[in-house]
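# What the coordinates show
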Amino acid sequence: MSSTITETHTQHTGADSALKPERSQLGLLRPDHSKSVWISWLTTVDHKKIGVMYGAMALFFLLVGGFEALVIRTQLAIPENDLISAERYNQLFTMHGTTMIFLAVMPLNAAFFNFLVPLQIGARDVAFPRINSFSLWAFVAGALVINFGWLLEALEMFGLFNASGPTAGMNDFVPAMGWFGYAPITGKEFTGAGTDFWIMGLQILGIASLTAAMNFVVTIINMRAPGMKMMRMPVFTWMTLVVSLLIIFAFPAITVALGQLMFDRLFDTSFFATAGGGQPILWQHLFWIFGHPEVYILVLPAMGIVSEVLPAFSRKPLFGYAIVVFSGAVIGFLGFAVWSHHMFTTGLGKVATAAFSLLTMAIAVPTGVKIFNWIGTLWGGRVRFAPPMIFSLGFVWMFMMGGFSGIMHSSAPADAQQQDSYFVIAHFHYVAIGGIFLAVVSGIYFWLPKITGKMWKGNLSTYVAILSTVGLNITFFPMHFLGLLGMPRRTHTYLAGFGWETYNLVCTIGAYILATGIFLLVVDMIRCLRSGEPAGDDPWDARTLEWSTTSPPQVYNFARTPVIHARDAHWEDKYGPESRHTTYEADDGHGIHMPSNSWMPLIASVGFIPLGLGLSLMQAGVPFMGYMAIFGLITIFSAVALWAIEGPGGYHLHPKEATA
Amino acid sequence: MYTPIQPLFSLFRRLIVASGFISLLILLSGCSLDTRMSTFVTKGPVAETQYNLFMITIWVTFFIFLAVGGTYLYVVLKFRERPGDDRPLPTQSHGNPLVELGLIGVSILLLVIIAVPTVQGIWYTHDTPNTEAAKLGNWYNGTALSEGEEDDVLTIRVIGYQWWWEFEYPQLGVTTANEMVIPAGKPIHIELRSVDVIHSFWLPRIAGKVDLIPGRANSMWIQAGDDFDQWNAKLEKQNIDLAEMDLQQDYQDYLEDEIHNYYYGQCAEYCGDSHARMLFRAHVVGDDEFSDWIDSQKQGHNAPDGKSWEDWYAAYDADPDLLTGDINEGLKLFIGRGQCSGCHAIDGNPRTIAGVAGPSLTNVGERHSIAAGWLNHRNEDGSIDDDLQYANFVKWIKETDEVKPGNLMWWTRLGNGLGQMKEPLNDDEIHKLSVFLQTLK
Amino acid sequence: MSTAADASAHDAHHNLMVDNKKLFMWLFLGSDCMFFGTLISTHLIYRKLYPEEYDPTHLFSLELTSFSTFILLMSSFLMALAVSAMHKGELKSFRRNVCGVIFFGLIFLGCQVYEFTEFVHEGLTLQSGTFGSTFFLLTGTHGVHVAIGVIWLLCMLFYTQNGKVDAHESAVDAEVAGLYWHFVDIVWIIIFTVIYLIEFIGKTGGAH
């Protein structure tokens with residue numbers, strides 16, 4: 001490798017340990033320099049630690065969701081299988097979808113946002129470090145509320161809990177109405193407490209995502225290093241900006257829809273209940289006005305990752321940077337205009353169907369543009385098959401496959417045959433696994449050495465790539481045929497004699513191959529963490545600013561504020577003319593101001609757990625749960641008030657490199 | 001620093017071998033596309049339009065696949081770094097707007113190829129055609145129609161319940177469940193209604209799906225086989241010399257092939273516990289047979305032993321014990337201890353008309369499946385396997401909650417379902433009920 | 001004082017067009033626009049479904065609602081005065097005006113509580129069909145926004161009582177609170193139009 005390390009970073013001296021614990025304006029001790037590992041992680045406001053925690057939890061939920069998928073596939077391996085009951089199957093596919101979307105992919109993206117965005121724009125932290133910590137813990141609270149039903153199921157299985165006495169009103173602890181929760185099956189005459197956990201959990205996750213998104217927009221707009229103009233930002237940061245804006249404008253629709261649903265269940269209102277004149281179809285509109293932008297919220301960060309990896313390993317700049325950025329924005333914008341293509345079979349009428357059909361085709365254009373530009377980036381480059389690159393190359397191929405079936409859906413009459421069949425499952429899993437998952441794994445292989453400072457060992461990544469790509473195709477390619485041969489989605493079993501048996505068996509085998517690939521990925525990560533060699537600052541000879549810091553980066557990211565003179569700043573440092581090299585602002589001698597750690601974001605987030613569970617259990621008629629909800633609300637409000645009063649605090653660091 | 005470990009070709013070779021292996025596996029499995037719910041082997045203009053559009057998208061995407069995928073493979077292989085590669089650093093070029101614009105233009109053109117027939121297809125599949133030949137008055141020859149309905153096409157109202165289907169023929173005054181009977185070659189207007197949650201009506205070989213949404217009046221149209229004009233137009237396309245053929249006769253022959261086709265459908269929108277077991281059937285018949293079927297539905301059933309219902313109920317009210325034999329015992333259970341008549345109607349029987357909560361059982365013995373298509377007793381030749389039918393009835397009554405978890409018959413909201421009877425039906429009673437139900441044809 | 005109080009003073013910002021907190025509030029308001037937009041569109045779709053017996057013109061008292069609308073508008077005026085006072089560093093004037101805003105906000109909330117109880121007495125509840133559902137959810141959500149605003153301003157009063165404030169930070173905080181308050185006010189004007197006034201189109205009589 002030809003990295004030219006122009007600057008050797010010394011491990012910074014323990015300047016912070018010299019500082020005495022500080023008292024906040026409340027007179028409370030700030031948990032800044034705690035010796036306890038637990039306290040330092042729980043109260044941290046460091047975007048890197050928060051990113052790592054997002055990533056760890058997202059990977060955990062990825063494995064949970066993957067396990068749920070494996071059980072589903074095992075049940076479907078043969079016709080009329082009775083491995084699990086219909087109810088359990090419905091719970092599993094509901095939680096598989098909810099987990100993968102809200103608890104695995106979104107936080108995985110958040111992990112990358114958190115870790116990378118400040119580094120990529122040359123900032124010391126995000127704009128609101130404590131809100132960042134709040135977003136993380138609120139996500140954890142939401143995840144716990146959504147999954148609370150599994151705990152009850154487990155307790156019931158061991159005979160430690162049963163729905164009798166004060167809890168007699170409870171049934172269906174685990175949500176079982178699909179991740180889309182189409183009214184009126186979410187009404188209380190059709191589903192039980194699981195739906196309430198799901199509603200409250202999603203509301204909490206929504207709050208977490210919204211605060212995080214606003215934080216990132218402010219960070220990207222306001223916190224860029226000098227000279228880091230918008231059109232010099234790395235594409236990943238651009239996609240973070242677009243995704244954050246999408247979250248800000250798309251989530252309110254689901255918040256309102258969930259609120260209306262909660263009112264229907266708690267107070268017998270008539271938003272979706274036909275008895276009082278409500279229209280179940282309203283839910284679908286509100287859900288997909290959120291849900292379609294959500295698709296892009298999931299996939300645009302993946303495109304951002306690939307747009308970083310491909311140039312790095314082709315040793316060329318991204319082809320058509322401006323157009324890639326612009327097409328990302330157009331995808332985000334058009335994403336709000338195509339929601340009804342999820343509803344072609346709901347009887348929209350001719351004109352609306354045609355309009356949404358054409359708009360859906362239109363959104364294929366900016367997506368295609370990205371693929372052209374990625375190929376253009378490879379063209380004439382020196383394509384090196386390092387592990388991150390293998391996954392990114394796989395991404396382009398698999399994402400293209402998913403895009404093709406997307407074009408097939410856009411033709412509404414053809415979609416009438418595909419909607420709600422396995423064809424759709426094939427489509428979005430090509431996009432979700434072939435697209436998002438491969439890109440995220442590519443990102444993990446690319447940036448984990450930066451995050452941990454340790455390099456990958458051996459060539460296990462090759463096997464991960466082969467097993468997951470082959471597994472993906474064996475699992476999901478036959479599903480195209482299953483769908484076109486008439487197998488509907490979300491069915492817990494099927495009769496023999498419809499020509500579905502072989503396909504289903506093949507799909508199940510594929511799922512286990514894919515699972516093996518993911519297992520090896522975990523093994524490879526553990527090996528890297530346990531015994532990887534030091535990675536160095538720039539192990540891949542990469543292009544963007546984050547590679548100019550130490551691996552892992554210091555708590556203050558940059559000892560001196562970088563001044564940017566070109567796009568692909570780090571590449572220019574190594575190979576560009578002198579005029580484009582990054583310079584550094586002189587140290588002003590005051591030291592680096594670091595924000596203080598705080599308990600308040602954690603406490604405020606924890607308040608969501610009694611609030612969410614309280615409201616859910618209140619619906620089920622469990623006594624005193626209203627008080628628990630009020631207790632949760634009071635916790636949140638008091639923690640936020642104390643948070644405001646304690647002030648941001650802060651201390652100064654004097655790293656040696658700053659003055660060097 | 002990182003050393004590339006794996007020569008690239010070995011990786012690709014493995015990938016290619018693996019994908020070849022999968023394709024082979026699928027081919028070897030002998031998966032035919034002509035299956036019961038295949039969208040490839042279509043009947044009638046709706047599914048055909050949808051299939052043709054699908055094929056257009058296939059060809060367009062296949063073209064893109066070859067062009068883009070080919071370029072991609074070429075680029076990746078051509079510009080890969082070989083061991084000992086001493087090429088200089090690539091030029092740091094930033095793109096070419098003309099190339100981009102050109103590609104955007106080509107993509108838009110390709111999409112227009114899909115867009116135009118798509119819009120045509122949306123219009124065509126949306127409105128039920130009302131041709132002269134389709135008008136009810138021009139082909140239906142059963143009991144007289146009421147004024148004004150002669151000019152309408154046949155309408156079937158589909159009502160979705162958790163987890164079964166009701167098919168109402170409002171113009172003809174007939175209701176059946178789970179197996180619909182439709183005339184060949186005639187457009188049929190379908191009204192879609194739901195009483196509980198969202199369902200979706202899907203007969204893959206005849207038409208794509210449309211949802212049944214509570215509080216909303218959806219509709220669609222289906223047609224099993226071409227009508228004369230469509231059939232004729234297809235012949236003309238194939239340049240067959242029409243003069244030498246007896247067209248009407250040939251069309252009748254064509255239609256004869258469609259008749260007695262038996263189509264499989266299924267609910268396609270998740271609707272709760274037993275969504276997977278909410279199937280239905282469509283039985284295609286000729287015009288005359290259709291009229292006969294309507295009449296037989298209307299007429300309903302006679303009482304057992306050739307009695308009139310008045311006599312039978314008189315005997316029943318006087319001393320039920322005198323009515324003996326499995327069939328009589330079964331009927332007594334049906335209106336008595338079994339509580340079946342509280343929900344299920346049997347047309348003709350005056351004491352079952354209150355039934356609304358469950359499927360109509362009129363002519364249930366003629367149906368090829370029970371439990372919304374889950375338990376089947378149809379032979380290959382289209383006849384009914386009596387033994388299997390009996391076994392299915394027994395199974396359904398005995399293990400309702402296993403056949404269809406969460407269903408109303410087992411757990412009625414009134415608290416008197418099969419699963420909540422103080423003394424469950426014993427095997428002998430179930431046997432008698434099953435024998436009685438088999439006679440309903 | 002603000003919940004978004006993580007001042008970024010620790011970091012030199014070089015491309016600061018709008019202060020961090022203000023930008024954050026603008027983004028929140030953008031999100032809130034979509035939030036109210038969704039609620040209002042639900043109402044507009046559902047008002048076509050009201051059965052006749054819920055003819056809202058019999059319920060609404062335009063006099064009362066016009067009064068509370070006026071009160072809210074005036075509170076916005078006072079809020080503007082308060083923000084400008086803070087910019088000039090006139091803490092006393094700021095506190096006086098904020099007191100006025102809180103007072104008017106409470107009057108508005110009082111009117112709403114009165115109106116809600118009246119409606120419930122006349123038989124319009126959350127459970128009475130689509131009209132009750134959308135009316136109470138939409139106006140109630142707005143009421144919660146006003147209430148949060150009042151609590152926020154009370155906190156600001158509490159926080160500024162010792163008279164020691166950082167001039168720049170407080171001006172930004174006051175401006176952020178002002179943005180929120182004005183937004184809530186504007187939303188009310190839209191709600192007043194689409195919930196109340198629109199029902200009287202083509203109807204001769206006013207209330208009662």
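Residues numbered from 1 in each chain as written. Chains lettered and ligands numbered in written order. Predicted model: local features only at pLDDT ≥ 70, side-chain atom pairs only at ≥ 80, totals over all residues. Heavy atoms only, no water.

## A few points about the overall build of chain C
The number of helices and strands found in chain C is 5 helices and 0 strands. Start at the N end of chain C and walk to the C end: the helices and strands fall as α-α-α-α-α. Of the contacts made within chain C by residues no fewer than 6 positions apart, 83% connect residues no fewer than 24 positions apart. Accessible area for chain C stands at about 9,200 Å²; split by element, carbon and sulfur atoms hold 68% of it. (Helix = DSSP H or I, 4+ residues; strand = E, 2+ residues; numbered from the N terminus. Contact = heavy atoms within 4.5 Å. Areas by Shrake-Rupley, 256 points an atom, 1.4 Å probe, with all protein chains shown as cover.)

## What about helix α10 (residues 386-398) of chain B?
Residue and element names in this part refer to chain B. Under the 1.5 Å per step criterion, the end-to-end length of α10 is 18 Å for 13 residues, consistent within 8% with the ideal 18 Å. Those residues of α10 that fall on the buried side of the exposure criterion are Gln389, Asn392, Phe393, Val394, Trp396 and Ile397. In this fold, the buried residues of α10 make contact with β11 (369-370), β12 (375-376), α11 (400-403) and α12 (427-438). One side-chain oxygen at the N-terminal end of α10 lies 3.2 Å from the backbone nitrogen of aspartate 387; it belongs to aspartate 385. (Expected span 1.5 Å × (residues − 1). Buried < 20%, exposed > 50% of the residue type's maximum accessible area, 1.4 Å probe, protein only. Polar contact = N/O pair within 3.5 Å; in protein donor to acceptor, adjacent residues only side chain to side chain.)

## Quick look at a negative patch on the surface
Negative charge collects at one region of the surface, where Glu147, Glu150, Asp151 and Asp152 of chain B lie side by side. A relative accessible area of 47% means that aspartate 151 of chain B is categorised as partly exposed. (Patch = residues over 30% accessible without salt bridge, like charges linked within 9 Å, V, L, I, M, F, W, Y side chains within 5 Å. Salt bridge = Lys/Arg side-chain N within 4 Å of Asp/Glu carboxyl O. Lys, Arg positive; Asp, Glu negative; His and termini not counted. Charge placed at Lys NZ, Arg CZ, Asp CG, Glu CD.)

## Description of the interface of chain C and chain A
Facing the 42 residues of chain C at the interface are 50 residues of chain A. Between chain C and chain A we count 0 salt bridges in total. At the junction of chain C and chain A, the tally comes to 9 residue pairs in polar contact (both at pLDDT 80 or more). Those elements that place two or more of their residues in the side of chain C that touches chain A are α1 (20-46) and α4 (129-159) of chain C. Counting residues per element, the side of chain C that touches chain A draws most heavily on α1 of chain C, at 15 residues. Of the residues assigned to the side of chain C that touches chain A, the class counts are 21 nonpolar, 17 polar and 4 charged. (Nonpolar A, V, L, I, M, F, W, Y, C, P; charged D, E, K, R; others polar.)

## Considering the pairing of strand β4 (residues 179-183) of chain B
Residues and elements named next belong to chain B. With respect to burial, β4 is a largely interior element, 5 of its 5 residues being buried. Residues of β4 alternate between two faces, with Glu179, Val181 and Pro183 on one and Met180 and Ile182 on the opposite face, all of them buried. Strand direction decides the pairing type here: β4 and strand β10 (residues 279-285), joined by 5 bridges, are parallel. Note that in β10 the partner of glutamate 179 across the bridge is arginine 281. (Pairing = 2+ DSSP bridges.)

## Let's talk about the sheet that holds β4 of chain B
Residues and elements named next belong to chain B. Here 3 strands make up an open sheet; going across it, the order is β4-β10-β9 and the pairing mixed. Both edges of this open sheet fall to β4 and β9 (262-266), since each of them pairs with a single strand only. Ignoring strand direction, the axes of neighbouring strands in this sheet form an average angle of 25°. Of the pairings in the sheet, the one linking β9 to β10 comprises 5 bridges and is antiparallel in character. Along β10, the bridge assignment pairs tyrosine 262 with histidine 283. Of the strands in this sheet, β4 and β10 touch helix α7 (residues 287-299), which is tilted by about 135° from β4. (Axes fitted to C-alpha atoms, helices over the stretch in contact; angles between N-to-C directions.)

## Focus: the side chain of lysine 316 of chain A
You can see lysine 316 of chain A is positioned in the loop between α7 (280-314) and α8 (321-334). Glutamate 100 of chain B provides the closest opposite charge to the buried, unpaired lysine 316 of chain A, separated from it by 10 Å. Beyond its immediate sequence surroundings of up to four residues, lysine 316 of chain A is in contact with Pro311, Gly376, Thr377, Trp379, Gly380, Gly381 and Arg543 of chain A together with Pro90, Thr91, Gln92 and Ser93 of chain B.

## Some thoughts on the pairing of strand β8 (residues 218-222) of chain B
Residues and elements named next belong to chain B. Counting buried residues in β8 gives 4 out of 5 residues, a clear majority hidden from the surface. Alignment of strand β5 (residues 188-194) against β8, held across 5 bridges, turns out to be antiparallel. From the neighbouring strand, isoleucine 188 faces β8, where its bridge partner is isoleucine 222.

## Points about the arrangement of the chains
In this assembly, 2 pairs of chains are in contact, and the pair with the greatest number of contacts comprises chains A and B. Looking at chain B next to chain C, you find no contact at all, with the nearest C-alpha pair sitting 11 Å apart.

## Section: the domain arrangement of chain B
Residue and element names in this part refer to chain B. With domains assigned, chain B is organised as domain 1 (136-292) and domain 2 (300-438). Just the C-alpha atoms count here: the centres of domain 1 and domain 2 sit 28 Å apart. The partner domain 2 presents 20 residues to the 20 residues of domain 1 that form the contact. Taking both sides of the interface into account, the surface hidden between domain 1 and domain 2 amounts to around 1,600 Å²; carbon and sulfur atoms contribute 49%. (Domains from an automatic or database assignment. Buried area = accessible area lost by both parts, 1.4 Å probe.)

## What to know about the sheet that holds β5 of chain B
Neighbouring strands of a sheet are bound in pairs by backbone hydrogen bonds; such pairs are parallel or else antiparallel. Residues and elements named next belong to chain B. Taken in spatial order, the 5 strands make up an open sheet running β3-β2-β1-β5-β8, and their pairing is mixed. Both outer strands of the open sheet, β3 (174-177) and β8, are each paired with one neighbouring strand and no more. Averaged over all pairs of adjacent strands, the angle between their axes in this sheet comes to 25°, without regard to strand direction. Bridge count between strand β1 (residues 154-161) and β5: 7 bridges; the pairing is parallel. In the strand pairing of β5, isoleucine 159 is matched with arginine 193.

## Here's the deal with the interface of chain B and chain A
Between chain B and chain A, the contact holds 104 residues from the first and 119 residues from the second. Note on chain B versus chain A: buried area summed over both sides is about 9,600 Å², and carbon and sulfur give 71% of it. In this structure, the connection of chain B to chain A is made through 4 salt bridges. The salt bridge partner of glutamate 269 of chain B is arginine 490 of chain A, with a shortest N-O separation of 3.5 Å. Counting across the chain B and chain A interface gives 30 residue pairs in polar contact (both at pLDDT 80 or more). Listed by contribution, the elements that provide at least two residues to the side of chain B that touches chain A are α1 (8-28), α2 (45-78), α3 (97-126), β7 (207-212) and β9 of chain B. Of all the elements, α2 of chain B adds the most residues to the side of chain B that touches chain A, at 17 residues. Each residue belonging to the side of chain B that touches chain A can be placed in one class, and the counts come to 57 nonpolar, 31 polar and 16 charged.

## Some details on the nonpolar core
Side chains of nonpolar character tend, in soluble globular proteins, to be buried together. Judged by nonpolar contacts, the single largest core of 381 residues is most densely connected at Tyr169, Met180 and Phe201 of chain B. For this core, the element with the highest residue contribution is helix α3 (residues 86-121) of chain A, accounting for 21 residues. Split by domain, this core shows at least three residues from each of two domains, domain 1 (136-292) and domain 2 (300-438) of chain B. When near neighbours in sequence (up to four residues on either side) are disregarded, methionine 180 of chain B contacts Ile156, Phe167, Tyr169, Ile190, Phe201, Ile222, Phe280, Arg281, Ala282 and His283 of chain B. (Core = buried A, V, L, I, M, F, W, Y, C linked by side-chain atoms within 4.5 Å.)

## Some points on the packing of aromatic side chains
One pass over the structure, following the stated rule, counts 93 aromatic pairs over all chains. On the basis of an interplanar angle of 20° and a centroid distance of 5.9 Å, the ring pair of tryptophan 283 of chain A and phenylalanine 287 of chain A is categorised as stacked. Separated by 4 residues within a single helix, tryptophan 283 of chain A and phenylalanine 287 of chain A lie in helix α7, roughly one turn from each other. Taken as a pair, tryptophan 283 of chain A and phenylalanine 287 of chain A share a single burial class, namely buried. On the numbers, 5.6 Å between centres and 80° between planes, the contact of tyrosine 124 of chain B with tryptophan 221 of chain B is edge-to-face. (Phe/Tyr/Trp six-rings, centres within 6.5 Å; stacked < 30°, edge-to-face > 60°.)

## Some remarks on the pattern of salt bridges
All names here are of chain C. Throughout the structure, instances matching the rule amount to 37 salt bridges over all chains. Of the charged contacts, one joins lysine 21 and aspartate 173 as a salt bridge, the two residues approaching to 2.7 Å between their closest N and O atoms. Taken together, the residues span a long stretch of sequence, with lysine 21 in helix α1 and aspartate 173 in helix α5 (residues 167-196) at a distance of 152 residues. Like lysine 21, the residue aspartate 173 is buried in the burial classification. A salt bridge links glutamate 175 to lysine 22; the nearest nitrogen and oxygen atoms lie 2.7 Å apart. Of this pair, glutamate 175 sits in helix α5 while lysine 22 sits in helix α1; the two residues are 153 residues apart in sequence, bridging distant segments of the chain.

## Considerations on helix α9 (residues 326-335) of chain B
Burial runs high along α9 of chain B: 7 of the 10 residues are buried. The elements touched by buried residues of α9 of chain B are α8 (309-318) and α12 of chain B.

## Things to note about unusual backbone geometry
What you tend to see is this: most non-glycine residues have negative phi, and most peptide bonds are trans. That bond from alanine 183 of chain A to proline 184 of chain A is cis: its omega, 0°, falls within 30 degrees of zero. With respect to the element layout, proline 184 of chain A can be found in the loop between α4 (129-157) and α5 (193-222). A cis amide bond links glutamine 162 of chain B to the next residue, tryptophan 163 of chain B, at an omega of -5°. One can find tryptophan 163 of chain B in the loop between β1 and β2 (164-169). One non-glycine residue with positive phi stands out, namely glutamate 80 of chain A, at about 50°. Its place among the elements puts glutamate 80 of chain A in the loop between α2 (47-76) and α3. Taking the relative accessible area as the measure of exposure, glutamate 80 of chain A reaches 46% and is therefore partly exposed. In this structure, asparagine 178 of chain B takes a positive phi of about 65° despite not being glycine. Mapped onto the fold, asparagine 178 of chain B is located in the loop between β3 and β4.

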